[in-house]
Amino acid sequence: MSTEHEDHGHTVAAWTAVGIAILGFLVGCIGVVIAQPSVFWIGVALLPVGGIAGKVLALMGFGAK
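Every residue gets a number counted from 1 within its own chain, in the order that chain's sequence is written. Predicted model: local features are reported for residues with pLDDT of at least 70 only, side-chain atom pairs are reported and counted for 80 or more only, and whole-chain, interface and lining totals are derived from all residues. The side-chain figures draw on all heavy atoms in the structure; neither hydrogens nor water molecules are used.

Chemist: What is the right way to look at the environment of Val-27 in this model?
Modeler: Only runs of H or I of at least four residues qualify as helices and only runs of E of at least two qualify as strands under DSSP, and these elements are numbered from the N terminus. Within the fold, Val-27 resides in helix 1 (residues 12-33). Spatially, the C-alpha atoms of Val-27 and Val-39 are 6.7 Å apart, while their sequence positions differ by twelve residues. Whether two residues touch is decided by their heavy atoms; if any such pair falls within 4.5 Å, the residues are in contact. Beyond its immediate sequence surroundings of up to four residues, Val-27 is in contact with Val-39, Ile-42, Gly-43 and Leu-46.

Below, the structure written as structure tokens:
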């Protein structure tokens, strides 16, 4: 049995967290392609920033109710 989720993930908190995570992956991939470890690690460092930003925004009321 399937349950409908009308606004599943459609929040500012979710979109911000995913957007920052995608940016982190993109920066990390670019760092690998251009063989620059510092750029790769900057991308890796962005991943937890996305999670933290999403959690903070959810606590501020921008997440799912």
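Moving on, there is more to tell.
Chemist: Can you help me understand unusual backbone geometry in this one?
Modeler: Glycine aside, negative phi is the norm for most residues, and most peptide bonds take the trans geometry. Although it is not a glycine, Ala-35 sits at a positive phi angle of roughly 60 degrees. Mapped onto the fold, Ala-35 is located in the loop between helix 1 and helix 2 (37-62).

Chemist: Any chance you could explain helix 2 here in plain terms?
Modeler: Note: α-helices contain 3.6 residues per turn, so residues at a spacing of three or four share the same orientation. Any helix carries an expected span of 1.5 Å times its number of residues minus one. Here helix 2 contains 26 residues, and its C-alpha end-to-end distance of 35 Å stays within 8% of the 38 Å for a straight helix at 1.5 Å per residue. Each residue is placed in one exposure class: buried if its accessible area under a 1.4 Å probe, protein chains only, is under 20% of its type's maximum, exposed if it is over 50%, and partly exposed if it falls in between. The set of residues buried in helix 2 consists of Gly-43, Gly-50, Gly-54 and Leu-57.

Chemist: Explain helix 1 to me, please; I cannot follow it from the model alone.
Modeler: When the terminal C-alpha atoms of helix 1 are compared, their 31 Å separation across 22 residues agrees well with the 32 Å that a helix rising 1.5 Å per residue should span. Ala-13, Ala-17, Gly-24, Val-27, Gly-28 and Gly-31 are the residues of helix 1 that are buried. Seen end-on, helix 1 carries its buried residues on one side only, within an arc spanning 100 degrees. When the buried face of helix 1 is taken as reference, the exposed residues oriented beyond 90 degrees from it are Trp-15, Ile-22, Phe-25 and Val-33. In this structure, the buried residues of helix 1 make contact with helix 2. It is the directions from the helix axis to the C-beta atoms whose arc is reported.

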